[in-house]
Amino acid sequence: MRDIDAIYYNDFGIAFHWKKETKNYRSKIQVVFRDTGFLLTHKELIRFAEHVQNTMNSNAVCSCCAKKNRAELCC
C-alpha cells in the first residue's frame with residue numbers, strides 16, 4: 001500500500017493511482033473488483049461509471065433485492 005495513493009475503497013474493491021508513474025501507468029487509474037482489475041484513463045473511467053449507472057438503472061438489476069447496494073453477489 002506504500003506504492004499507491006488510494007482514491008476509494010470498500011469491501012468490494014479499490015481504486016488507486018500508482019505513486020511512481022511509469023510510461024505504462026501515466027495518468028491512469030487502477031480499479032480492482034475482487035479478482036478483476038482495470039487500468040483506465042480519466043475518460044475511460046467516466047465512461048465505465050456511466051455504464052455501471054445505466055446498468056443499475058435498468059431492469060437488469062432487481063430493484064427489490066436487499067443486496068443491490070452491498071458488496072455481495074445477488075440471486
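Report on the accompanying structure.

1. Focus: the environment of F12
Argument step 1. Here F12 lies in the loop between β1 (4-9) and β2 (13-18).
Argument step 2. For the pair F12 and V32, spaced 20 residues apart in sequence, the C-alpha separation works out to 8.6 Å.

2. Remarks on the packing of aromatic side chains
Argument step 1. Counted under the stated rule, the structure contains three aromatic pairs.
Argument step 2. Between F33 and F38 the ring centres are 6.3 Å apart and the planes differ by 70 degrees, which places this aromatic pair in the edge-to-face class.
Argument step 3. Under the relative-accessibility criterion, F33 is labelled partly exposed at 26%.
Argument step 4. Overall, F38 belongs to the partly exposed group, its relative accessible area being 29%.
Argument step 5. Between the aromatic rings of F38 and F48, the centroid separation amounts to 5.2 Å while the plane-to-plane angle is 45 degrees, which identifies the pairing as tilted. Linking F38 in strand β4 (residues 36-40) with F48 in helix α1 (residues 42-57), this pair joins segments that are ten residues apart in sequence.
Argument step 6. These aromatic residues form a ring-pair network of at least three members: F33, F38 and F48.

3. Some points on the pairing of strand β3 (residues 29-33)
Argument step 1. The pairing of β2 with β3 spans four bridges and is classified as antiparallel. What sits directly across from I14, in β3, is V32.
Argument step 2. The pairing of β3 with β4 spans five bridges and is classified as antiparallel. When the bridges of β4 are listed, Q30 appears paired with L39.
Argument step 3. Following β3, the chain reverses through two residues before pairing antiparallel with β4; R34 in that reversal takes a positive phi of roughly 50 degrees.

4. Here we look at the sheet that holds β3
Argument step 1. Taken in spatial order, the four strands of this open sheet run β1-β2-β3-β4, and their pairing is antiparallel. The open sheet is flanked by β1 and β4, the only strands paired with a single partner. For this sheet the average axis-to-axis angle between neighbouring strands, irrespective of direction, equals 25 degrees.
Argument step 2. In the sheet, β1 pairs with β2 via five bridges, with the strands oriented antiparallel. Note that in β2 the partner of Y8 across the bridge is A15.
Argument step 3. Each of β3 and β4 is contacted by α1, which is oriented at about 130 degrees to β4, the strand it contacts most.

About the cut-offs
Residues numbered from 1 in each chain as written. Predicted model: local features only at pLDDT ≥ 70, side-chain atom pairs only at ≥ 80, totals over all residues. Heavy atoms only, no water. Helix = DSSP H or I, 4+ residues; strand = E, 2+ residues; numbered from the N terminus. Phe/Tyr/Trp six-rings, centres within 6.5 Å; stacked < 30°, edge-to-face > 60°. Buried < 20%, exposed > 50% of the residue type's maximum accessible area, 1.4 Å probe, protein only. Pairing = 2+ DSSP bridges. Axes fitted to C-alpha atoms, helices over the stretch in contact; angles between N-to-C directions. Contact = heavy atoms within 4.5 Å.

Structural measurements only, silent on function.
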